[in-house]
Amino acid sequence: MSVVFYISGHGFGHASRSIEIINALIERQPHQRVIIRSSVASWLVKRTASPGVVLSPAEVDTGVLQLDSLTLDANASIARAEAFMATFQQRIATEVQFLREHDAVMTISDLPALGIAAATAAGIPALASGNFTWDWIYEHYQGGENVAAQIGAVYRDTTLALRMPMWGGFETMPKIWDVPFVARRSRRGPDEVRQALGIPIDTRAVLTSFGGYGLDGLNVDALRALSGYHVLLPGMIDETAMYDGGYRYEDLVRAVDVVVTKPGYGIISECIANGTALLYTSRGDFREYQVLVDAMPEFLRCKFIDHADLYSGNWQPHLDALLAQPGPPVKPETNGADVAADILLDILG
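### A closer look at the nonpolar core
Phe-5, Leu-252, Ile-268, Leu-300 and Leu-344 are the most contacted members of the largest nonpolar core, which has 64 residues in total. Apart from the residues within four sequence positions on either side, Leu-252 is in contact with Val-193, Leu-197, Ile-199, Leu-207, Leu-232, Ile-237 and Met-242. Judged by nonpolar contacts, the second largest core, of 43 residues, contains Ile-35, Ala-58, Ala-118 and Trp-136.

Structure below.
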């Protein structure tokens, strides 16, 4: 019997947190067969998922079209989503056959409507997990109302939605269970990680983290000249060697003092879980952005930097002010993967 996770290929955050739930599930039930149905990069699954987890590559939704790390194309995003939904019935038929061939007993979607529709058609529980819904995202953009309504109609068949903090949407899901942050938590000491990765121990370290698109155009000379900070620019950490050495990205997040990034659930939750401050910049007209920005100060030390200062390398005053902030009065729970896995096991019986 298989549990099939349908995961949006948009960015790394959907897959990272779903894999945390998968790993927690397999930790409790080692012989459980889990299949990931997604267009997510295979290296992410190979490096972070429990052995035996199978990636079955497939386009399960279209997400949002990014032009680069900080810019999206709303019109193209809606057009791609509409084209996908125009072939939705054929896609459901393909997925129902896939679920039956693999003796699936449940799907968990973060948060492709296709996984919910296929499970409903196959007569098995259709769960959802995440912090925003795609109907809520698409309805934000001009011309997105129709595709949002189509996706929302599918979401109404969700058996149960596991809703994470900093959420938006979910009005179309009939039953919701709020869970704590699902986050990758380091189990290694910062000094150990710094020594292994060649990061100076006697200075404050800053990690730039802008996902698969990276970030071009930074004033590298200005960043190298910052007083009291060692900035880890893209490419300075050999991530393949890091994983081969038994270290993971969350270990790197814990080892540094600050992460500089665009706001996304994955990196925010990892900073919360690992006690790392976050310097963030704007990421274009992505509806989730304001929800995250409004919620962040409750959970971690954070500060905004505009694009002008970001690219020019004028980080010093922002970093100094950020690290002078007190931490949140109460650290939020970050064991959402464990909570979610227990819920899944209860449903599986």
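### Observations regarding the environment of Tyr-280
Mapped onto the elements, Tyr-280 comes out in strand S13 (residues 277-280). Tyr-280 gets classed as buried once you look at its relative accessible area, which sits at 9%. In this structure, the C-alpha to C-alpha distance between Tyr-280 and Val-259, residues 21 residues apart in sequence, is 8.2 Å. Discounting residues that sit within four places of it in the chain, Tyr-280 has contacts with Thr-261, Pro-263, Tyr-289, Val-293, Met-296, Cys-302, Lys-303, Phe-304 and Ile-305.

### Focus on the sheet that holds strand S1 (residues 2-7)
Pairing is parallel across the open sheet formed by seven strands, whose spatial order is S3-S2-S1-S6-S7-S8-S9. Only two strands of the sheet have a single neighbouring strand rather than two, namely strand S3 (54-57) and strand S9 (176-178). Taking the axes of each pair of neighbouring strands and ignoring which way they run, one obtains an average angle of 25 degrees across the sheet. Relative to strand S6 (residues 104-110), S1 is paired through six bridges, and the arrangement is parallel. Paired with Val-4 across the strands is Thr-107, a residue of S6. Along the sheet face, helix H4 (residues 88-101) touches S1, strand S2 (33-38), S3 and S6 and points at about 150 degrees away from the line of S1. Packing against the sheet, helix H13 (residues 288-295) makes contact with strand S7 (126-132) and strand S8 (160-168), and its axis sits at approximately 70 degrees to S8.

### Let's talk about the packing of aromatic side chains
The final tally for this structure, using the stated rule, is nine aromatic pairs. Here the aromatic rings of Phe-132 and Phe-286 are separated by 5.9 Å at their centres, their planes lie at 85 degrees, and the arrangement is edge-to-face. With Phe-132 in strand S7 and Phe-286 in the loop between S13 and H13, this residue pair connects regions lying 154 residues apart in the sequence. Pairwise contacts between aromatic rings join Phe-132, Trp-134, Tyr-138 and Phe-286 into one cluster. We note Arg-17 situated over the ring of Tyr-265; from NZ or CZ to the ring centre the distance is 4.7 Å.

### Some words on the pairing of S8
With eight of its nine residues buried, S8 lies for the most part within the structure. Two elements, S7 and S8, share five bridges in a ladder whose sense is parallel. The residue bridging Ser-129 from the neighbouring strand is Leu-162, located in S8. Sheet topology note: the S8/S9 ladder contains three bridges and is parallel. By the bridge assignment, Arg-163 is partnered in S9 with Asp-178.

### As for the pairing of S7
Buried residues dominate S7, accounting for seven of its seven residues. Here S6 runs beside S7; their pairing, made up of three bridges, is parallel. Within the sheet, the bridge partner assigned to Ile-108 lies in S7 and is Leu-127.

Scoring rules and cut-offs
Residues numbered from 1 in each chain as written. Predicted model: local features only at pLDDT ≥ 70, side-chain atom pairs only at ≥ 80, totals over all residues. Heavy atoms only, no water. Core = buried A, V, L, I, M, F, W, Y, C linked by side-chain atoms within 4.5 Å. Buried < 20%, exposed > 50% of the residue type's maximum accessible area, 1.4 Å probe, protein only. Contact = heavy atoms within 4.5 Å. Helix = DSSP H or I, 4+ residues; strand = E, 2+ residues; numbered from the N terminus. Pairing = 2+ DSSP bridges. Axes fitted to C-alpha atoms, helices over the stretch in contact; angles between N-to-C directions. Phe/Tyr/Trp six-rings, centres within 6.5 Å; stacked < 30°, edge-to-face > 60°. Lys NZ or Arg CZ within 6 Å of the ring centre and 35° of its normal.

None of this, on its own, says anything about what the molecule does.
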